[in-house]
Amino acid sequence: MNKGDKIPIEEFLYRRGFSTPEKKYCNPDGSATSRVFKLREKDEGMLSVDLKSRTTAERAISDPGKFMLFELKNESVEEVALETVYDPLDDGSNNAHALIIGMQMDDDIAPGHLARNSKRVIIKSI
Amino acid sequence: MHTLIANYSTPSEFQRDQYLTATVPTAFTIDRFRSSSLSVFADGPHTQELRLNNRIFKLLEEFSELEDNWDEDEANAPSKIALSNAHFVVQLLTSIGQPIFNTAPGPTGEIMLDIRDIANSKSVELIFYPSRSVAVYFPENGRPFQRDFQADNLPEVLRWLNQ
C-alpha cells in the first residue's frame, strides 16, 4: 500500500480519545462521545487514525493512563460520505497512520455517526 | 399513588440503592421511577445527589475549570458562553423531567449534551459553540441530520426524540 491510497471498507481503524482515571470524557457506558471524532483547526480537515491491521492496540493508544482507544470499521466512514487514505509518517515512526478526509469544521453529523459506530478497545496489559 | 420516601444518611446507603449512579445511563434509571402509580421522594443530607441530571450539572462545573490544552492536544478551554448556554438548557430539561445521557467538552471550546430516548434507539446532540448552537438528530433508521439550535426549539427537539 502506498501513501494516499484509499483504505478498503473492510479495514478497521483505531482512534484514541483523551480520558484519564480522574477525568473521564467518555460516555457512562464506556463508549466514545462525538467529541472524540470532532475536527480541530490544526487537523486541516483530516482526522488522524491508525489502521488496525498495521499496528497493535497497545501501540495505537500509546499511553493508557491518558487515553481510551476506540475501534471503527471504515465502512462507517464511507456511510457519511468521507473516506480514509493511507498516510504513513515520513519519519517512519508510524506506518499504520491514516487520515479520514472530507470532514468539515461545521459538520457535527459525522463525529456523532462515527462515535455511535465505534466501540471501545480494552487494553489488557502494557 | 404510592409514595416511597428514601432517607439517606450516608453516601454509601445511597449508592447501595443505585437510584442514580454515574455509571448507569441516566435515562434508564430515572425512568424506572417515572410512574403514574408510584412516586419516589428522597430526603436527608444526600438528597442533592438524587436530583435529576445531577451528574451533568457536576460535569459542567468541572468543565468550567478546564484550561487550554486540557486534552494535551491543543484543545481550547470550554467557552464561557457555551458553558452558560449549556447550563441554561440543562436547567430547562431538568425542570421538565428530561434525563440527559451525557455531556462532554469538545476541542474547539464547545459543550455537547447527548439526550437519548427511553429505548436508546434515537438521540439528539445539542452542541453549544462560542458563536452558535446546533442540534444533531440521530434517528433509529435513516440518515442523521443537523439544524441550527436555539432554546426556543427545545419543544420540537423533544417531540422528535420522544414521539
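Please read these numbers as outputs of a predicted model, since none were measured by experiment.

### As for the overall build of chain A
Line of reasoning, step 1. Within chain A, the secondary structure is distributed over 3 helices and 6 strands.
Line of reasoning, step 2. Along chain A, from the amino end to the carboxyl end, the secondary structure elements read β-β-α-β-α-β-β-α-β.
Line of reasoning, step 3. For 126 residues, the compact-globule formula gives about 14 Å, and the C-alpha radius of gyration of chain A, at 14 Å, lands near that figure.
Line of reasoning, step 4. Each of the three principal axes of chain A carries a C-alpha extent, and together these read 40 × 30 × 30 Å.
Line of reasoning, step 5. Of the contacts made within chain A by residues no fewer than 6 positions apart, 73% connect residues no fewer than 24 positions apart.

### A short note on the interface of chain A and chain B
Line of reasoning, step 1. The partner chain B presents 25 residues to the 17 residues of chain A that form the contact.
Line of reasoning, step 2. Tallying contributions element by element places helix H3 (residues 109-116) of chain A first for the side of chain A that touches chain B, with 4 residues.
Line of reasoning, step 3. Taken together, the residues of the side of chain A that touches chain B sort by class into 4 nonpolar, 5 polar and 8 charged.

### A closer look at the sheet that holds strand E5 (residues 123-128) of chain B
Residue and element names in this part refer to chain B.
Line of reasoning, step 1. Reading across the sheet, the 5 strands line up as E3-E4-E5-E6-E7 and stay open at both edges, with antiparallel pairing between neighbours. Both edges of this open sheet fall to strand E3 (102-105) and strand E7 (145-148), since each of them pairs with a single strand only. Across the sheet, the mean angle from the axis of one strand to that of its neighbour is 20°, orientation sign disregarded.
Line of reasoning, step 2. Where strand E4 (residues 111-116) and E5 come together, 6 bridges link them in antiparallel fashion. Bridge assignment links Leu113 to a residue of E5, and that residue is Leu126.

### So, helix H3 (residues 54-63) of chain B
Line of reasoning, step 1. If you check which residues of H3(B) are buried, you get B:Arg55, B:Ile56, B:Leu59, B:Leu60 and B:Phe63. Each buried residue of H3(B) sits inside an arc of 140° when the element is viewed along its axis, so together they form one side.

### Considering unusual backbone geometry
With glycine set apart, most residues show a phi of negative sign, and most peptide bonds adopt trans.
All names here are of chain B.
Line of reasoning, step 1. In the Ramachandran plot, Asn53 falls in the positive-phi region, its phi being about 65° despite a non-glycine side chain.
Line of reasoning, step 2. The exposure class of Asn53 is buried, given the 23 C-beta atoms found within 10 Å.
Line of reasoning, step 3. One non-glycine residue, Glu72, adopts positive backbone phi at about 60°.
Line of reasoning, step 4. Looking at the element boundaries, Glu72 is found in the loop between H3 and helix H4 (80-95).

### Topic: the sheet that holds strand E4 (residues 83-86) of chain A
Residues and elements named next belong to chain A.
Line of reasoning, step 1. Within the open sheet, the 6 strands sit side by side as E4-E5-E2-E1-E3-E6. Their pairing is antiparallel. Each of the sheet's edge strands pairs with one partner strand only, and the pair in question is E4 and strand E6 (118-121). The average angle at which neighbouring strand axes cross in this sheet is 40°, direction not considered.
Line of reasoning, step 2. Judged from the 5 bridges that link them, strand E2 (residues 46-51) and strand E5 (residues 97-101) form a sheet pairing that is antiparallel. When the sheet's bridge partners are listed, Ser48 is paired in E5 with Leu99.

### Some words on the nonpolar core
All names here are of chain B.
Line of reasoning, step 1. By size, the foremost hydrophobic cluster in this structure holds 54 residues, and its most contacted members are Ala86, Val90, Leu113 and Leu126.
Line of reasoning, step 2. The element best represented in this core is H4, accounting for 6 residues.
Line of reasoning, step 3. Residues contacting Ala86, with those up to four places away along its chain left out, are Leu60, Thr103, Ile111, Leu113 and Phe128.

### Let's talk about the environment of B:Pro78
All names here are of chain B.
Line of reasoning, step 1. Mapping Pro78 onto the fold places it in the loop between H3 and H4.
Line of reasoning, step 2. When the 25 C-beta atoms within 10 Å are taken as the criterion, Pro78 is described as buried.
Line of reasoning, step 3. When the C-alpha positions of Pro78 and Asn120 are compared, they lie 28 Å apart, and in sequence the two are 42 residues distant.
Line of reasoning, step 4. With residues near it in sequence (within four places) discarded, Pro78 still touches Phe63, Ser64, Leu66, Leu83, Pro105, Gly109 and Ile111.

### With respect to the environment of A:Lys52
All names here are of chain A.
Line of reasoning, step 1. Checked against the element boundaries, Lys52 lands in the loop between E2 and helix H1 (57-61).
Line of reasoning, step 2. For Lys52 and Ile9, which are 43 residues apart along the polypeptide, the C-alpha to C-alpha distance reads 13 Å.
Line of reasoning, step 3. Filtering out sequence-adjacent residues up to four positions away, Lys52 remains in contact with Phe12, Leu13, Tyr14 and Glu71.

### Quick look at the confidence of the model for chain B
Residue and element names in this part refer to chain B.
Line of reasoning, step 1. Residues with a pLDDT of 70 or more make up 69% of chain B, whose mean pLDDT is 80.
Line of reasoning, step 2. Considering only residues more than four positions removed or in separate chains, one finds that residues 1-7, a stretch of pLDDT under 50, has 15 contacts.
Line of reasoning, step 3. Long-range and interchain partners of residues 14-43, a stretch whose pLDDT sits below 50, account for 49 contacts in this model, where long-range means more than four residues apart.
Line of reasoning, step 4. The ipTM for the predicted assembly is 0.92, set against a pTM of 0.82.

What counts, and where the lines are drawn
- Residues numbered from 1 in each chain as written.
- Chains lettered and ligands numbered in written order.
- Predicted model: local features only at pLDDT ≥ 70, side-chain atom pairs only at ≥ 80, totals over all residues.
- Helix = DSSP H or I, 4+ residues; strand = E, 2+ residues; numbered from the N terminus.
- Rg over C-alpha atoms; globule rule 2.2 N^0.38 Å.
- Contact = placed C-beta atoms within 7 Å.
- Nonpolar A, V, L, I, M, F, W, Y, C, P; charged D, E, K, R; others polar.
- Pairing = 2+ DSSP bridges.
- Axes fitted to C-alpha atoms, helices over the stretch in contact; angles between N-to-C directions.
- Buried ≥ 20, exposed ≤ 12 C-beta atoms within 10 Å, placed from the backbone.
- Arc of directions from axis to C-beta.
- Core = buried A, V, L, I, M, F, W, Y, C linked by C-beta atoms within 7 Å.
- pLDDT = per-residue confidence, 0-100.

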